[in-house]
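Residues per chain, in single letters:
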There are 2 protein chains.
Amino acid sequence: MQEQRISESIDQYMGLLKSRGFRLTNQRRIIVETLLRKLGTHLNARELLDLAQEEDPSIGIATIYRTIELLNSLGMLNMVNLEEGFLRFEVPDEQMHFHVFCRSCGKTVHLADEESKMAEVKGWAQSEGFDLLPQTFEMAGLCRECREEGVLDEPFDAAIPIKGVRGRCRRRCGRMPR
Amino acid sequence: MQEQRISESIDQYMGLLKSRGFRLTNQRRIIVETLLRKLGTHLNARELLDLAQEEDPSIGIATIYRTIELLNSLGMLNMVNLEEGFLRFEVPDEQMHFHVFCRSCGKTVHLADEESKMAEVKGWAQSEGFDLLPQTFEMAGLCRECREEGVLDEPFDAAIPIKGVRGRCRRRCGRMPR
DNA sequence: ATAACTGCAAATTCTTTGCACTTTG
DNA sequence: CAAAGTGCAAAGAATTTGCAGTTAT
């Protein structure tokens, strides 16, 4: 995003905070700015802290979490769960995003044509009486490369899914057999 | 689910573990059985522990987590993030589920006609080269009741979403103004 | 018999909170 | 100036891990 749009976006975000009666603090501005500059990536709280501290080293982790919570409650920030044991965050440049990530290697991509997918998904929720909020959808899958590497041993079509995925096994879970 | 199907399902799950070279321990059987009996609910680790301990009080929380990790890595268990600060778990009775939950009151429903939605979503991922794994999708929204109660103050159509949702604000995030 | 698995309790990691101080409006 | 917001450090909660003992194959 070019400088000018970033600056406009910051103004929009800060304007919303103001219109809601929240104060425009320097910390909030820095955090919003950081999220906008890193748009497209998915920062976790620690990464966001580190970047924000480049602007103002005195910012603390508590402010990060409090700001995340505030922005999320206002619909200005999406929480992203890539099954890592912690959350990541992104500001929605569009109303919705669709991620697919590989449960084997962790690669993450955005789906194309998010506008029309958004319309579809909104329709689904609508029929249950829900208005969807802006957010990012996560879908776990296996990328072509991992499939070709034989991460899978079996075809994939059981009603109770019978799959062997040697996922990013960050943790001990018994031996990894075979 | 009727007793016989549960028993068959347990056998299927245990059979998969066995075929992968994992051992069929009593603890694993109990955990799988508990998940199957509570199918449709979304247990967190603590709840799963409590239920499992009704069968065998000696089961520890570490075994719960290790079994969750194992089942998930085999594609036999879905992780469910309802933005509560921890995860919930369910075994997929079908390949995929679609939840919509209300970010204001927390109400959670399953979408209807999950089969066809699954086909659609699989197609989306396919075009990026991904095979989706069985899983549960979470969508955050606002239910009709909460909308009518005026949780929202503004219409919902900004490119950078401009929404005021007084979400389940479990945490301090400044005052709740207005 | 032996490698896999478990329970326990301690350790880690992520997130939240109380409080005294600072800043915004 | 008063209320809102912040930083710090301590607390809390969820999850992971080392290890000695147990169990499945």
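Scroll up a little and you will see the structure.
Everything numeric here is computed off the predicted structure, so don't read it as measured data.

A. Highlighting the overall build of chain A. In terms of helices and strands, chain A carries 6 helices and 7 strands. Taken from N to C terminus, the helices and strands of chain A fall in the order α-α-β-α-α-β-β-β-β-α-β-β-α. Going through the 178 residues of chain A one by one, you find that 52% of them count as buried. Considering only contacts in chain A between residues 6 or more positions apart, those separated by 24 or more positions represent 50%. For chain A, the exposed surface amounts to about 7,900 Å²; the carbon and sulfur share of it is 47%.

B. Quick peek at the pairing of strand S7 (residues 135-142) of chain B. Of all 8 residues making up S7 of chain B, 8 are buried, and the element is well covered by its neighbours. Pairing geometry for strand S6 (residues 131-132) of chain A and S7 of chain B, over 2 bridges, is antiparallel. If you follow Leu132 of chain A over to S7 of chain B, its bridge partner there is Gly141 of chain B. Of the strand pairs in this sheet, strand S4 (residues 96-102) of chain B and S7 of chain B are connected by 7 bridges, and their pairing is parallel. Of the residues in S7 of chain B, the one forming a bridge with Phe98 of chain B is Phe137 of chain B.

C. Up close: the packing of aromatic side chains. In this structure the tally under the stated criterion is 5 aromatic pairs over all chains. Where Trp124 of chain A meets Trp124 of chain B, the ring centres are 6.2 Å apart and the plane angle is 5°; that geometry is what we call stacked. Highlighted residues: Trp124 of chain A in helix H5 (residues 114-126) and Trp124 of chain B in helix H5 (residues 114-126), drawn from two different chains. Of the two residues examined, Trp124 of chain A and Trp124 of chain B, each falls in the buried class. Taken together, the ring pairs in this structure connect Phe98, Trp124 and Phe137 of chain A together with Phe98, Trp124 and Phe137 of chain B into an aromatic cluster.

Conventions we followed
- Throughout this document, residue positions are counted from 1 along each chain, in the order its sequence is written.
- Chain letters start at A and ligand numbers start at 1, both assigned in the order the entries are written.
- Where totals are concerned, whole chains, interfaces and linings use all residues; where local detail is concerned, this predicted model gives features only for residues with pLDDT of at least 70, and gives and counts side-chain atom pairs only at 80 or more.
- For side-chain calculations, the full set of non-hydrogen atoms in the structure is used, while hydrogens and water are omitted.
- Secondary structure elements are defined from DSSP: runs of H or I of at least 4 residues count as helices, runs of E of at least 2 residues count as strands, and each element is numbered from the N terminus.
- Relative accessibility decides the category of a residue: with a 1.4 Å probe and only protein chains considered, values under 20% of the type maximum give buried, values over 50% give exposed, and everything between is partly exposed.
- Between two residues, a contact is recorded if the distance between any of their heavy atoms is within 4.5 Å.
- Accessible areas in this description were obtained via Shrake-Rupley with a 1.4 Å probe; residue shielding takes into account the shown protein chains only.
- Only strands that DSSP links by at least two bridges are regarded as paired with each other.
- Side-chain rings of Phe, Tyr and Trp (the six-membered ring for Trp) are treated as a pair once their centres are within 6.5 Å; stacked means planes under 30 degrees apart, edge-to-face means over 60, and tilted covers the remaining angles.

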